[in-house]
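# What the coordinates show
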Amino acid sequence: NAFVPASTLSARRAKSTKGHAMAGFFASLFHKKADASVSNPDEGAFVESPADDSRTASSQEEHLPTRIALCSPADGAAKSLEEVADDVFSTKVLGDGFAVTPSNGLIVAPVSGTISTIANARHAVGITMENGIEALVHIGIDTVQLKGGPFTLLVQPGQKVNAGEPIDEVNLAAVHAAGKLTDVIVVFTNADDIDAIDITAHGAVLAGGPVGTLIAR
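This text gives an overview of the structure that appears in the document. No experiment lies behind these values; they were computed from the predicted model shown. (Residues numbered from 1 in each chain as written. Predicted model: local features only at pLDDT ≥ 70, side-chain atom pairs only at ≥ 80, totals over all residues. Heavy atoms only, no water.)

### Here's the deal with the sheet that holds strand β9 (residues 151-153)
By way of backbone hydrogen bonds, the strands of a sheet pair with one another, either parallel or antiparallel. In space, the three strands of this open sheet follow the order β5-β11-β9, with antiparallel pairing throughout. Whereas interior strands pair on both sides, the edge strands pair on one side only; in this sheet they are β5 (106-108) and β9. For this sheet, the mean inter-axis angle between neighbouring strands, taken without regard to orientation, is 25°. Where β9 meets strand β11 (residues 166-170), three bridges bridge the pair, whose relative direction is antiparallel. Directly across from Leu 153, in β11, lies its bridge partner Asp 168. (Pairing = 2+ DSSP bridges. Helix = DSSP H or I, 4+ residues; strand = E, 2+ residues; numbered from the N terminus. Axes fitted to C-alpha atoms, helices over the stretch in contact; angles between N-to-C directions.)

Set out below in structure tokens:
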């Protein structure tokens, strides 16, 4: 089963009806979320400064699309979502993104942001960027069934991370022994906030190395 992170920001609760339905459907899969005692729920969200003349002059610039560099979550071989052997990801039901077949078990953040959700089985981590877009890093196919055994979390809810910083470790041999695939999948769940995702990496990639660009609205 695929894990989908739930937002902790009030702005995310105001998303489309489709977004609400998806969040509700997967709510039982969520384990930990950043709370106010760990991280200010509004921290990192866009905060308007007091009104002044400069805001009017720069309004057009503020609404230009933002380009965000994406990093590989692991050493290995990059692949498209369409190549992932799970319909939930390959049909992009949860959002667009990419995947990497890992050559070792160190998993790093593909973007900078705040750890917003962690799966109960420790096989998936949600990272919310400053612009509110959430990246889901999902390790393996159907690895929720392994109940966290092969995984060692390296982060906590509410923790800020930089792209390329370790977030999880997985025992690939244990995952293979259980008959599961090890693909590390990165999807961005806020489709309404994204103009495009351009993945330029093909074949061999390094953890923290460039794989493409996300263009946010």
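### A look at the sheet that holds strand β2 (residues 66-71)
Spatially, β2-β15-β13 is the arrangement adopted by the three strands of the open sheet, whose pairing is antiparallel. Every other strand in the sheet has two partners, leaving β2 and β13 (194-199) as the edge strands with one partner each. The sheet shows a mean angle of 20° between the axes of neighbouring strands, direction not considered. Examined bridge by bridge, β2 and strand β15 (residues 210-216) share six bridges and lie antiparallel to one another.

### Considering unusual backbone geometry
Across residues other than glycine, the phi torsion is negative in most instances, and most of the peptide bonds are trans. At Lys 92, a position not held by glycine, the phi torsion is positive, near 60°. Here Lys 92 lies in the loop between α5 (87-90) and β4 (96-102). What makes Lys 92 partly exposed here is its relative accessible area of 33%. Unlike most non-glycine residues, Arg 122 shows phi in positive territory, near 65°. For Arg 122, the position within the fold is in the loop between β6 (113-119) and β7 (124-128). Owing to a relative accessible area of 30%, Arg 122 belongs among the partly exposed residues under this scheme. (Buried < 20%, exposed > 50% of the residue type's maximum accessible area, 1.4 Å probe, protein only.)

### Notes on the environment of Ser 90
On the secondary structure map, Ser 90 appears in helix α5. As a C-alpha pair, Ser 90 and Ser 80 span ten residues in sequence and 8.3 Å in three-dimensional space.

### Let's talk about the pairing of β11
When β5 meets β11, the two strands line up antiparallel, connected through three bridges. By the bridge assignment, Ile 107 is partnered in β11 with Asp 168.

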